[in-house]
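# Summary of structural features
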Amino acid sequence: MACSAVQAQQNPAAAAGAPHGRHAPVLQHAVARPAKGPASANAASKPRVQQTTPQAQPLPAPAQQPPGTAPVLLRIQTPWHDTLNLTEQDLLALPQVEVRTSTPWTDGTRSFRGPLLREVLKLAGRERDVQSMSLLAKSLNDYHVQIPASDAWKWDVIIALRMNGHPMSRRDKGPLWIIYPRDSHAELKRPHYDHRWPWQLHFIELYELPATPDLGSPRSTPQPPYSPRQQ
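Every chain's residues receive numbers from 1 upward, in the order its sequence appears when written. Only residues with pLDDT of at least 70 are given local features in this predicted model, and only at 80 or more are side-chain atom pairs given and counted; all residues enter the totals for whole chains, interfaces and linings. Only heavy atoms go into the side-chain values, all of them from the structure, while hydrogens and water stay out.

### Quick notes on the sheet that holds strand β8 (residues 162-163)
Definition in use: Being paired, for any two strands, means DSSP has found at least two bridges between them. Helix numbers and strand numbers start at the N terminus; a helix is a DSSP run of H or I with at least 4 residues, a strand a run of E with at least 2.
Pairing in this open sheet of four strands is antiparallel, and the strands run β3-β4-β8-β9 from one edge to the other. In this open sheet, the two strands that pair with only one neighbour each are β3 (96-102) and β9 (166-167). In terms of strand pairing, β3 meets strand β4 (residues 109-115) through seven bridges, oriented antiparallel. When the sheet's bridge partners are listed, S102 is paired in β4 with T109.

Rendered as structure tokens:
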């Protein structure tokens, strides 16, 4: 009897009337799981979202010019407050003239090609009116010079778009450069005319002023330093 009492104290389940010869079941603590309600059912029915590493978004494309338009290379302002905007296509549509000449800023003889300056100026007004004017030529590098418009009728001065058959970048004094036929006329080799060769030309303003041979010098500013051998 004493032995039975000790067993009852060590095994309460047996004392509670567990069947003789069988071990009491071992109780395990289970983690409570939430019941599947409507929200759980909906979550189970939804496809699993796969997380991905965010990728860099492409930069927006630069604004495109409207169809049928092209960059303006040259603007001509007239005394009548009209502005003529010329694209590369406009300048190439004019008769192209080749001038082979040396310059104080390039090595050897170069081939330049573009429309005659007088043909370009005639687009801005009547020939007899434009001939007696002066033009103020301005460059992208802030150089400006006043040139008698009569030069365009005295010599075959061109607005060059090509040098040795290639378009001219800003580094090559482009995209436009006023070129005199220097090697064809000894007079044009005088330093007096060197300031009338504005490169990086982008603007011409016509003045109703009498053109004189020395008109360009007082209204001109020196061209920025440039080494033609820089490539």
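Back to the text.
### Some details on the packing of aromatic side chains
Where we set the bar: Side-chain rings of Phe, Tyr and Trp (the six-membered ring for Trp) are treated as a pair once their centres are within 6.5 Å; stacked means planes under 30 degrees apart, edge-to-face means over 60, and tilted covers the remaining angles. Only lysine NZ and arginine CZ atoms are considered, and such an atom sits over a ring when it is within 6 Å of the ring centre and within 35 degrees of the ring normal.
Applying the stated rule across the entire model yields nine aromatic pairs. An aromatic cluster is present here, built from W105, F112, W155, W177, Y180, Y193, W197 and W199 joined pairwise through their rings. The ring of W199 is capped by K173, whose NZ or CZ atom sits 4.7 Å from the centre of that ring.

### Digging into unusual backbone geometry
In this structure, the amide linkage connecting G174 to the following residue, P175, adopts the cis form with an omega of 5°. Structurally, P175 is set in the loop between β9 and β10 (177-179). Its identity is not glycine, yet D142 carries a phi of approximately 75°, on the positive side. Considering the arrangement of structural elements, one finds D142 in the loop between β5 (134-139) and β6 (144-148). Look at N164: it is not a glycine, yet its phi comes out positive at around 55°. As for its position among the elements, N164 is in the loop between β8 and β9.

### Section: the environment of R113
Which entries qualify depends on this criterion: A contact between two residues is defined here by any heavy atoms of the two lying within 4.5 Å.
Within the secondary structure, R113 sits in strand β4. The spatial distance from the C-alpha of R113 to the C-alpha of W177 is 10.0 Å, given a sequence separation of 64 residues. Those residues in contact with R113 that sit more than four places away from it in its chain are Q96, V97, E98, I158, I159, A160, L161 and R162.

### A short note on the nonpolar core
Here is the rule: What we call a nonpolar core is a set of buried Ala, Val, Leu, Ile, Met, Phe, Trp, Tyr and Cys residues that are connected through their side-chain atoms within 4.5 Å. Each residue's exposure class comes from its accessible area (1.4 Å probe, protein chains only) as a fraction of the maximum for that residue type: buried when under 20%, exposed when over 50%, partly exposed otherwise.
Counting 43 residues, the largest nonpolar core has L74, L121, L135 and W177 as the members making the most contacts within it. Mapped onto this core, the elements with two or more residues apiece are β1 (72-77), α5 (117-121), β5, β6, α7 (151-154), β7 (158-160), β10 and β11 (201-207). Apart from residues no more than four positions distant in its own chain, L74 is found in contact with L84, N85, L86, V120, I159, L176, L201, H202, F203 and I204.

### Examining the environment of I159
Looking at the element boundaries, I159 is found in strand β7. When the C-alpha atoms of I159 and Y180 are compared, they prove to be 9.1 Å apart, with 21 residues separating the residues in sequence. With residues up to four places along the chain from it excluded, the contact list for I159 reads L74, R113, G114, P115, L117, V120, L176, W177, I178 and L201.

### Remarks on the pattern of salt bridges
Inclusion rule: In what follows, salt bridge is the name for a side-chain nitrogen of Lys or Arg lying within 4 Å of a carboxyl oxygen of Asp or Glu.
According to the stated counting rule, one finds seven salt bridges in the structure shown. In this structure, E88 and R162 form a salt bridge, with 3.2 Å as the shortest nitrogen-oxygen distance. Note that E88 is positioned in helix α4 (residues 88-93) and R162 in strand β8, a separation of 74 residues in sequence. What makes E88 partly exposed here is its relative accessible area of 27%. For K122, the salt bridge goes to E119, with nearest N and O atoms at 3.1 Å. One continuous salt-bridge network, built from bridges that share partners, spans E119, K122 and E127.

### Some thoughts on the sheet that holds β5
Definition in use: Angles here are taken between N-to-C directions and fall from 0 to 180 degrees, while the axes themselves are lines fitted to C-alpha atoms, restricted in helices to the stretch in contact.
Pairing is mixed in the open sheet, where five strands are placed in the order β2-β1-β11-β5-β6. A single partner strand is all that each edge strand has here, and the edge strands are β2 (83-87) and β6. Neighbour-to-neighbour, the strand axes of this sheet turn through a mean angle of 20°, independent of strand direction. In the sheet, β1 pairs with β11 via three bridges, with the strands oriented parallel. Note that in β11 the partner of R75 across the bridge is F203.

### Some points on the confidence of the model for the protein chain
What counts, and what does not: Within a predicted model, pLDDT stands for the predictor's per-residue confidence, ranging from 0 to 100.
Averaged over every residue, the pLDDT of the protein chain is 76; residues scoring 70 or more account for 61%. Segment residues 1-22 is flagged for pLDDT under 50; beyond a separation of four residues in sequence, or across chains, it makes three contacts in the model. Note that residues 224-231 has pLDDT below 50 and, in this model, 12 contacts with residues that lie over four places away or in other chains.

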